[in-house]
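An overview of the molecular structure
What follows is each chain in one-letter form.
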Amino acid sequence: MWKILIIDDDFQVLEGMKKAIPWESIDAELVGEASDGAEGLEMVRQTQPDIVITDIYMPVMNGLEMIEKLRETNFPGELIILSGYADFQYARQALRLQVSDYLSKPVTIEELGAVLAKVIKELETKELKKIEQDEVKRRLMMYEPFVQQEWLKSVITGTFNETIAAESIQLSEQAYWLQRNHLVMGIELMSTVRTANLSLIDWNLFRFALANIIREILAEDWPESDFIELHSHHAAIMFHIERSSVIDDVMRRIQLIGERITDCVLTYLRLTIRLGLGQMKESWQEISDSTEEAFLDLLQMTINPPLAREHPSTVPSEKELAIRPIKFYQELAEAIVYSKEETATQIVEAYINRLQTMSTITPAYLQYLCTELWTIFAYSLYSVGIVLDELFPEMKLQPEISQIQTPEQLQQWLRGKIHIIATSRHWNENSKHKEAVDFMIQYAHDHYAEEISLEDMSKQLYLSRNYLNQIFKKATGETFTNYVIQVRMKKAQALLAEGKYLIYEISEKVGYKNVPYFSSIFKKYNGISPSEVSKSGL
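The numbering scheme is per chain: residues are counted from 1 as the chain's sequence reads. Since the coordinates come from a predicted model, pLDDT governs what is reported: local features require at least 70, and pairs of side-chain atoms require 80 or more to be given and counted, while whole-chain, interface and lining totals use all residues. The basis for every side-chain value is the complete set of heavy atoms in the structure, and neither hydrogens nor water enter the calculation.

Topic: the overall build of the protein
As a reminder, the rule being used: The helix and strand labels rest on DSSP assignments: H or I over at least four residues marks a helix, E over at least two residues marks a strand, and numbering proceeds from the N terminus. Whether a residue is buried, partly exposed or exposed follows from its accessible area with a 1.4 Å probe, protein chains only, as a fraction of its type maximum: under 20%, in between, or over 50%, in that order. By definition, residues are in contact when any of their heavy atoms lie within 4.5 Å. The Shrake-Rupley method, run with a 1.4 Å probe, gives the accessible areas here. Residue values count only the displayed protein chains as cover.
In terms of helices and strands, the protein carries 26 helices and nine strands. With 538 residues in all, the protein has 47% of them scored as buried. Pairs at least 24 apart in sequence give 69% of the contacts found in the protein among residues at least 6 apart. For the protein, the computed accessible surface area is about 27500 Å², with 52% contributed by carbon and sulfur atoms.

Considering empty space enclosed by the protein
Operational definition: Definitions used for this entry: grid spacing 1 Å over protein atoms alone; cavity, a set of points where a 1.4 Å probe fits but cannot get out; pocket, an open set with protein on both sides within 12 Å along at least 5 of 7 lines; lining residue, one with an atom within 4 Å of a point. Grid points are joined across faces, edges and corners, and a volume is the space filled by probe spheres set on the points. In this classification, Asp, Glu, Lys and Arg are treated as charged, Ala, Val, Leu, Ile, Met, Phe, Trp, Tyr, Cys and Pro as nonpolar, and every other residue, Gly included, as polar.
A full pass over the atoms with the stated rule returns three cavities of 30 Å³ or more. Within this model, the largest cavity holds a volume of roughly 80 Å³. What lines the largest cavity is Glu188, His234, Phe295, Leu296, Leu298, Leu299, Pro325, Ile326, Tyr329, Tyr365, Tyr368 and Glu372. In terms of residue count, the dominant contributor to the lining of the largest cavity is helix H10 (residues 287–303) (four residues). The residue inventory of the lining of the largest cavity, partitioned by class, reads nine nonpolar, one polar and two charged.

Quick word on the pattern of salt bridges
Any two side chains of opposite charge can pair, given that their charged atoms come close. To keep things clear, this is the line we draw: Salt bridge, as used here: a side-chain nitrogen of Lys or Arg that lies within 4 Å of a carboxyl oxygen of Asp or Glu.
Evaluation of the coordinates by the stated rule reveals 15 salt bridges. In this structure, arginine 180 engages glutamate 224 in a salt bridge whose closest nitrogen and oxygen atoms are separated by 2.8 Å. Note that arginine 180 is positioned in strand E6 (residues 180–189) and glutamate 224 in the loop between helix H8 (200–221) and strand E7 (225–229), a separation of 44 residues in sequence. By relative accessible area, which is 12% here, arginine 180 ends up buried. Close ionic contact of aspartate 249 with arginine 252 constitutes a salt bridge, the shortest N to O distance being 2.6 Å.

As for the sheet that holds strand E3 (residues 51–54)
Rules: The criterion for strand pairing is that DSSP finds at least two bridges linking the strands in question. Throughout, an axis means a line fitted to C-alpha atoms (over the contacting stretch in the case of helices), and angles, computed between N-to-C directions, take values from 0 to 180 degrees.
Strand order in the open sheet made by the five strands is E2-E1-E3-E4-E5, with parallel pairing throughout. Strands with a single pairing partner mark the edges of an open sheet, and in this sheet they are strand E2 (28–34) and strand E5 (101–104). Between one strand and the next, the sheet's axes are offset by a mean angle of 20 degrees, whatever the strand orientation. Bridge count between strand E4 (residues 78–83) and E5: four bridges; the pairing is parallel.

Overview of the nonpolar core
Just so we agree on the cut-off: We call a set of buried residues a nonpolar core when its members are Ala, Val, Leu, Ile, Met, Phe, Trp, Tyr or Cys and they connect through side-chain atoms within 4.5 Å of each other.
One finds Leu332 and Leu410 to be the most contacted residues of the largest nonpolar core, which totals 55 residues. Counting only elements with at least two residues in this core, the list comes to helix H5 (109–157), strand E8 (234–242), H10, helix H13 (325–337), helix H14 (341–356), helix H15 (363–382), helix H16 (388–391) and helix H18 (407–423). If one sorts the elements of this core by residue count, H15 sits on top with eleven residues. Among all residues touching leucine 332, those that are not within four sequence positions of it are Ala344, Ile347, Val348, Leu373, Phe377 and Ile418.

Points about the environment of isoleucine 237
Locating isoleucine 237 in the fold gives a position in strand E8. The spatial distance from the C-alpha of isoleucine 237 to the C-alpha of isoleucine 214 is 9.0 Å, given a sequence separation of 23 residues. For isoleucine 237, the residues in contact, after removing those within four places along its chain, are Leu183, Val184, Met185, Ile187, Ile214, Leu218, Ser225, Asp226, Phe227 and Ile261.

Focus: the environment of glutamine 470
Mapping glutamine 470 onto the fold places it in helix H22 (residues 465–476). We classify glutamine 470 as partly exposed; its relative accessible area is 45%. Spatially, the C-alpha atom of glutamine 470 lies 9.3 Å from that of phenylalanine 480, the residues being ten residues apart in sequence.

Okay, structure coming up:
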């Protein structure tokens, strides 16, 4: 219902207006009346009307002065002047103050009704626009974590549009990057007997736990940094460094952070990681060069371990850096996820052309590249509900990979696999709803300590509960409820391993107010109660 305030020093006019306005038909109500501009200002403050109808000539403060003060305070409502003065100067001043209409007394009921109908229509338009803007803002905020992560990922992999990025960084939270140097640490989660037979959902949970550990350490030891998950078993840290810092001190601190991360991951998750370091860069546009250097460092450890041990800080040559595998991985993964066969083929062709210029490329490297890409394909497709092994049920991966000896053979092998993936009947509605599933996964990881339900997700994503549950289960293999429980249990395991919290504290931290219920859920998922874990020191 629209709120109307009337201001006039003539009692008869006030009474006449109250009777003349068709309140019901225009869905409006009288919220107050005043006899001068000063009183009118106070009434506006108290009642927050949508429409103010005011006279001009009044004692204490006239109507135009009052309107001017309302405009100074950004009053959002509509203003109508009803005056016995038809003077052009008054009308011109009213126009300058952007009043909705200027009526001369006496006014007919028809005129007043028509003006109010017009003003209310304008209010409805403004209200609808505000609702739309609020909804856009809400959705932007809802997806902000994804936008931020994709931005960081594009910078660290070198896939950003430089023109757009240069314009937007000035206004973003990353503006301080312009006054910093930057260095990237590459992280590789090693394959072990423990991880060899993990399902992709368990692998996802391990990645989540790894990210939690690293972010907590960075928050304590180097707040001006960013952690970015890359492809399946790869991640990276961007360190932003004061330009006045002493380089040796910086490198020593980063080395200690790396050691702490490695020890914590081994202690709490019983997983092994390897770290590679890129060189320090002065410009944020060069961050991706540091990324490539860091992962080429890791690549040397994989392909030529003895040489890597003898020369742990060997800087890749410019020609080696031109290979840029991390950028290649990122571009190809995105093309695969969205079933862009032609784009993926072009990306592969461009990369193979670069490989052909490298005399140092060996069959061992090409076979390693095949293994990496297959892992990335599996992880990327899983995010949209497609299991790679189901597309290639008869395939013997290792024998096929061992046959690849040249870049041309690698190109043919990749083109064949990409074609099967892109044209598979398994591509279904899940890929169209990747954003919804991604949001639900991220929401579970960010809000596991709160009450989370499928109903909440349904309201936020404007999709039905049943449909959301279906697409989430197809994408992850789990119902949303079970996924949230698994996230909570992994976090509870990590907190128990830290040994700093009592069981009731951990129960609250992972979203359970009822400690016995938490304990029963924990035992169901882990085969052992929280108290038994505490006693055993596991």
